Amino acid sequence: MSAGWRTLLLRIGDRCPEYGGSADHKEHIETCYGMLSREYEHSRDAIFEFLLECAEQLPHKIPFFGVLIGLLNLENEDFVKDIVDTTQAKLQDALYNENCDRIRILLRFLSGLMCSKVVAPNSIIETFETLLSSAATILDEETGNPSWQPRADFYVYCILASLPWGGPELFEQVPDELERVLVGIQSYLSIRRHFDDIAFSVFETDEGHSPNKKDFMEDLWERIQILSRSGWKVKSVPKPHLSFEAQLVAGNSHRLSPISCPPPNLPQTSSEILKGQEKHEADLKYPQRLRRLHIFPTNKAENMQPVDRFVVEECILDVLLFFNGCRKECAFYLVSLPVSFRYEYLMAETIFSQLLLLPNPPFRPIYYTLVIIDLCKALPGAFPSVVVGAVHALFERISNMDTECRTRLILWFSHHLSNFQFIWPWQEWSYVKDLPKWAPQRVFVQEVLEREIRLSYFEKIKQSIEDAAELEELLPPKAGPNFKFVGNESSETTDGHKLSKELVGMIRGKKTVRDIILWVEEHMIPTNGAEFALDVVSQTLLDIGSKSFTHLITVLERYGQIISKLCPNEEMQLLLMDEVSAYWKNSTQMTAISIDRMMGYRMISNLAIVKWVFSPANVEQFHVSDRPWEILRNAVSKTYNRISDLRKEIQSLKKGLQVAKEVCAKAIKELEEAKSVLEIVEGQPTPAERPGRLRRLQVYADKAKHEEVTTEESLEAKGALLSRALEESKAVLKLLFKRFVDVLTERLPPVSADGEIPNLRTGDQNVNSEARDLETATMEIDSENGADKNSEPNGQNTKNSYNVGELEQWCLCTLGYLKSFSRQYATEIWSHIAMLDDEVFVGDIHPLIRKAAFSGLCRFTNEGPQL
Amino acid sequence: MASLFKVRIPETLIPLAPPVSLPPPCSCGFPCFLQDPSKLSAYRDRRFPGTQEEYEAALQASTTVYIGNMSFYTTEEQAYELFSRAGEIKKIIMGLDKNSKTPCGFCFVLYYSREDAEDAVKYISGTMLDDRPIRVDFDWGFEEGRQWGRGRSGGQVRDEYRTDYDPGRGGYGKMVQKELEAQRELVDYGGSFQPNAPPPYERGERKRGYGDRNDRGDYQRKRNRNDDRAAAEGSRRAPDSDPADKNPRFREKGDSDEEDDDYDKRRRR
């Protein structure tokens, strides 16, 4: 066998050529161990490093590495003691650096080492107890800080998460101590606060709490309890150590030096706002890894033990984490986890739950698009149909899906189909064209088609739905400009046409921007007014730049000043956006790109964009199109991208300044030293250095000083830009929330006199299933309900009708976006929350508005978590 | 494991991609172990004015990506839609045929941030754009002049010697086309004389990939796209010209319109 020891380590447990295609784990370990012991003399240090790296980054193979280290322990006790000590030190570091993945994986690794008699079981128990007592301290009002419950939860979660690997061995070796830990966890769970993740749930219900009754801690605890009751049998974790038990018992277990946890961050004040900010910070540091999404009915998905589901999910998430950017390896490991049962449905649910994870998935959504594409190719017989099933199941419930998740699903689905020739059984969804235009399923189909066309072209997508020609009416208009001043003989007589033609002539004639501005000011504004001038200039320039994205930015770079001159204030900028929207009325993409670029060239302010999006014509579209929302999302994200770019630049300038200062100090010191060396010439002290060297040193010192000064200056300039950007973003936040509050207050049905909050979903049969059952039962008597009459005969009324009224849907949709913006920008909002409380969330705010805005922030109001 | 992926990689790219094997681990920290270093250096641009080290340093820091194996018909807006999913785009520069000034199957996308460029390389390379598997690589940075194809005939070098028929990239490779043209001319001289027939294979036509008159199914598709152009500026089209000669997404910069050339020059200065 020619494979090197590194390859053997990497490939252990895989059915692969390096191991002669064998799947026998015992054989793998023997082969690999044989190689390692041969190489040990030459490559002791390299093996040491590489083993640790493998354990941390191929964590689903930890049981195999554990046995290898156990076998090495028989011959090379010091080597293995080093491994144990290093692992302990790494864990200690990770606890202080708050590196969640590392803490979790190192605990699993230690458990794996314990199974192979490398680490003493009591050491594991001690580690658990340290974590547990730290968690309990955090929750204590007196000695800790309950705002940091996310950290406490995380510690206990890590203990529980390692038990599928170490639990069976602990139960066998130290049952009483294990029991003590479990009792401790039980009591921790009884004092912690239940986490209601309504704001992070992919599907919402109208009862105001998330559909998952148990939070992630309670859920895992239940799985582990079931495991302990069933005698710690975990099917999904390989147990290679059992085959080597006879050898491994001879090994000497090492003790782990005790670890310590960072002390709890004590609260500074008791103000509600500071507590909220702290909790938000803690949530960011200790994010929840997975919010399980149940997509498939239980009879369809694989039937497995609760703990096995957890283990497979962990392995999938680890592969996604460590093989990000390695497509082939990622797909390979996802489809070949070392378990003996099938898990395609579970894998699809896990990947979709990452794609839709709120507030943000660990990686960009496009990563999961790629993974799903690759899995469809790796498992062509199984995975595509699972994906199709998932899409159908999610589509069924789309009206209850979180707004942000809907957008992600639309982007994913259109992109996914673009990788598979746009083939989809559209006829199954053709019924949506009979739904009202605000029905979420209809909007979903319409937006998917829009995005497909953007990735491809109109005719192609039209052809792709030819089996469901009814859906053609959902296609957007064919993209193309809509130029007001098209030059043809009949209409060329209007002033606009003439002036537009003249402007084109000036541009062709290479007149300078200054000349054109003069011309506009002298020939257009006096006779026709500024608004007319803007109309002609913007339409004409947009037309010149209409051929492509590059043409657009070229025109804006060269002639944008003319427009800027015409749009010195927000009112004119609003008109400019009307012009863009009219010119590109047939292309949502070009409208969005044009406005985005104009903001980039600072021809339009972000405040103007927010105002424009909330202007009546756009507000009317909120529930039927993504068009205004796309523009709003772009503007807000550009605002924050600017800030984060500036922060990065300042960070690197600061580093640069540090370096420049050091260089400068060194150069000056060298110069001074050279100058100070004197010798006595003719009774006078004169510099001993050659004048040439002194001059050179002087030049260096001057240069270094200059460098330092310029860096300092640009740092100052960037600092000023940053504070301006921060002010801008504060103003944008305020305006954004104010506008949300205004438009919603105008339209939301009022709270009834007895304080009952209106239920916007009363018409939605999917949600109010009890209500629907009642209705069906009373059909005979109460038959004037038109909708029911139409759809009842085929028994598919839930599918073919949508009974939420237009106004209610508008409110649901706008509230959904409000929640989504406040969740997305929670960090920024928390830093301005006092201002928002004073200026936006004042007075008689409708409880549904408050609920949407605050649940996105995870903020508890005085009215309790329900609001 | 190589058979795990059935992504069609164009044959000219194969020598550039390293064989599938796990690279030796690097020591640069937690999650980048096992990452494919070839991502940085699979292709060496021979026109780069510097040493190999400088080249690699430029790639490490660059926010520009190169996109290859595109269809000649793919528009900037299609690329924008796809690549904006990896981050905010600053600029797109279409690669153009030196002679015809029309897209010749590659482009540069400039991002604002390095991470976005990395994500584009990681997540978009090897996926489909306009029904073609595209490749995405780090690029050392756009400079004036790099938008032109470097092949003898004006397009990309890879389209010079290609022998397969690729309707998205102008049919056969340039050399094969020349060969075919020579053969056809022989046939034409021997055939009957048709005074008013348009010359069968005019320059522009061939460059746009319609040297082969076989209706390969794809022909129909191009025709559809021509229709929208026809609607937009029907009056400019000669009624008897080959409809395939005018492709809406294709002519953007090939327009003889002086203004456009001027735009391009100014922009890139």
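Residues numbered from 1 in each chain as written. Chains lettered and ligands numbered in written order. Predicted model: local features only at pLDDT ≥ 70, side-chain atom pairs only at ≥ 80, totals over all residues. Heavy atoms only, no water.

Colleague: Would you mind showing me how to read the pattern of salt bridges here?
Modeller: When the charged atoms of two side chains lie near each other, side chains of opposite charge can form a pair. Summed over all chains, the structure comprises 77 salt bridges over all chains. The salt bridge partner of A:Arg364 is B:Asp119, with a shortest N-O separation of 2.7 Å. One end of the pair, A:Arg364, is in the loop between helix 14 (344-355) and helix 15 (365-378); the other, B:Asp119, is in helix 4 (residues 114-124), on a second chain. A relative accessible area of 27% means that A:Arg364 is categorised as partly exposed. Through salt bridges that share partners, A:Glu450, A:Arg451, A:Arg454, A:Asp626, A:Glu630, A:Arg633, B:Glu81 and B:Arg85 make up one connected network. (Salt bridge = Lys/Arg side-chain N within 4 Å of Asp/Glu carboxyl O. Helix = DSSP H or I, 4+ residues; strand = E, 2+ residues; numbered from the N terminus. Buried < 20%, exposed > 50% of the residue type's maximum accessible area, 1.4 Å probe, protein only.)

Colleague: Would you take a moment to explain the nonpolar core for this structure?
Modeller: As a rule of thumb, soluble globular proteins bury nonpolar side chains together. A:Phe352, A:Trp426 and B:Phe83 are the most contacted members of the largest nonpolar core, which has 312 residues in total. With 13 residues, helix 2 (residues 25-57) of chain A is the single largest residue contributor to this core. Among all residues touching B:Phe83, those that are not within four sequence positions of it are B:Ile67, B:Ile89, B:Val109, B:Tyr111, B:Ala120, B:Ile124, B:Ile134 and B:Val136. With eight residues, the next largest nonpolar core counts A:Ala674, A:Leu694, A:Leu697 and A:Ala701 among its residues. (Core = buried A, V, L, I, M, F, W, Y, C linked by side-chain atoms within 4.5 Å. Contact = heavy atoms within 4.5 Å.)

Colleague: Explain the domain arrangement of chain A to me, please; I cannot follow it from the model alone.
Modeller: Interface size is commonly expressed as the accessible area that is lost once the parts come together. Looking at chain A, the domain boundaries give domain 1 (43-261 + 271-285), domain 2 (298-420), domain 3 (481-585) and domain 4 (640-725). Between the C-alpha centres of domain 3 of chain A and domain 4 of chain A the distance comes to 50 Å. (Domains from an automatic or database assignment.)

Colleague: Can you walk me through empty space enclosed by the protein in this structure?
Modeller: Sizing a probe to match a water molecule and rolling it over the atoms shows the empty space that remains. Residue and element names in this part refer to chain A. Counted according to the given criterion, the structure contains 14 cavities of 30 Å³ or more. By volume, the largest cavity amounts to about 240 Å³. Around the largest cavity, the lining is made up of 20 residues, and of these Arg-406, Ile-410, Val-443, Glu-447 and Tyr-817 lie nearest the centre. Elements represented by at least two residues in the lining of the largest cavity include exactly helix 17 (403-418), helix 18 (440-455) and helix 33 (806-824). Per-class residue counts for the lining of the largest cavity are 11 nonpolar, five polar and four charged. (1 Å grid on protein atoms, 1.4 Å probe; cavity = no way out; pocket = protein on both sides within 12 Å on 5 of 7 lines; lining within 4 Å. Points joined across faces, edges and corners; volume = space filled by probe spheres on them. Nonpolar A, V, L, I, M, F, W, Y, C, P; charged D, E, K, R; others polar.)

Colleague: Please clarify how the pairing of strand 1 (residues 64-68) of chain B should be interpreted in this entry.
Modeller: The side chains of a regular strand alternate, residue by residue, between the two faces of the sheet. All names here are of chain B. Among the five residues of strand 1, four are classified as buried, and the element is accordingly described as predominantly covered. Across four bridges, strand 1 lies against strand 3 (residues 103-111) in antiparallel orientation. Along strand 3, the bridge assignment pairs Tyr-66 with Phe-108. Of the strand pairs in this sheet, strand 1 and strand 6 (residues 135-139) are connected by five bridges, and their pairing is antiparallel. Residue pairing for strand 6: Ile-67 is matched across the bridge by Val-136. (Pairing = 2+ DSSP bridges.)

Colleague: I would appreciate a short explanation of the packing of helix 20 (residues 495-508) of chain A against helix 22 (residues 530-544) of chain A in the present structure.
Modeller: The description of two packed helices rests on the angle between their axes and on the distance between the axes. Residues and elements named next belong to chain A. Here helix 20 crosses helix 22 at 50 degrees, and the two axes come no closer than 10 Å. Taken together, the axes of helix 20 and helix 22 are oblique relative to one another. Here helix 20 runs over helix 22; the crossing is right-handed. Between helix 20 and helix 22, the contacting residues are Asp-495, Gly-496, Leu-499, Ser-500, Leu-503, Val-504 and Ile-507 on the first element and Phe-532, Val-536, Val-537, Thr-540, Leu-541 and Ile-544 on the second. (Axes fitted to C-alpha atoms, helices over the stretch in contact; angles between N-to-C directions. Parallel < 35°, antiparallel > 145°, perpendicular 65-115°, else oblique. Left-handed = near helix turned anticlockwise from the far one by under 90°.)

Colleague: Looking at this structure, I do not really get the UniProt feature "coiled-coil region" (unreviewed entry) in chain A. What am I missing?
Modeller: The UniProt feature table records "coiled-coil region" (unreviewed entry) at residues 643-684 of chain A. Structurally, residues 643-684 of chain A comprises 81% helix and 12% strand, and the distance from its first C-alpha atom to its last is 61 Å. (UniProt positions renumbered as here; feature names shortened; annotations may be inferred.)

Colleague: Mind showing me how you'd approach the pairing of strand 3 of chain B here?
Modeller: All names here are of chain B. Of all nine residues in strand 3, nine are buried; the element is thus mostly enclosed. Judged from the six bridges that link them, strand 2 (residues 89-96) and strand 3 form a sheet pairing that is antiparallel. Looking across to strand 3, one finds that Leu-96 is bridged to Pro-103. Two successive antiparallel strands, strand 2 and strand 3, enclose a turn made up of six residues, where Lys-101 displays a positive phi of approximately 60 degrees.

Colleague: Help me out: how do you make sense of the sheet that holds strand 6 of chain B in this one?
Modeller: Hydrogen bonds between backbone atoms are what pair the strands of a sheet, whose relative direction is either parallel or antiparallel. Residue and element names in this part refer to chain B. What the four strands build is an open sheet, ordered 2-3-1-6; its pairing is antiparallel. Edge positions in the sheet fall to strand 2 and strand 6, since each of these pairs with one other strand and no more. Here the strands of the sheet are splayed against their neighbours by 25 degrees on average, with no regard to which way each runs.

Colleague: When you look at a nonpolar patch on the surface in this model, what are you seeing that I'm missing?
Modeller: A cluster of nonpolar side chains, contributed by B:Val157, B:Tyr161 and B:Met175, occupies part of the molecular surface with about 310 Å² of accessible area. Locating B:Tyr161 in the fold gives a position in helix 5 (residues 158-161). (Patch = residues over 30% accessible without salt bridge, like charges linked within 9 Å, V, L, I, M, F, W, Y side chains within 5 Å. Areas by Shrake-Rupley, 256 points an atom, 1.4 Å probe, with all protein chains shown as cover.)

Colleague: Explain unusual backbone geometry to me, please; I cannot follow it from the model alone.
Modeller: Trans peptide bonds make up the majority, and among non-glycine residues the majority have a negative phi. Residue A:Pro359 follows A:Leu358 across a cis peptide bond; omega there is 0 degrees. Mapped onto the secondary structure, A:Pro359 falls in the loop between helix 14 and helix 15. Within the chain, A:Gln421 stands out as a residue other than glycine whose phi angle is a positive 55 degrees. When you line up the elements, A:Gln421 lands in the loop between helix 17 and helix 18. Phi is positive for B:Asn69, which is not a glycine, with a value near 60 degrees. Tracing the backbone through its elements, the reader meets B:Asn69 in the loop between strand 1 and helix 3 (76-83). In this structure B:Asn69 comes out as buried when scored by relative accessible area, which is 4%.

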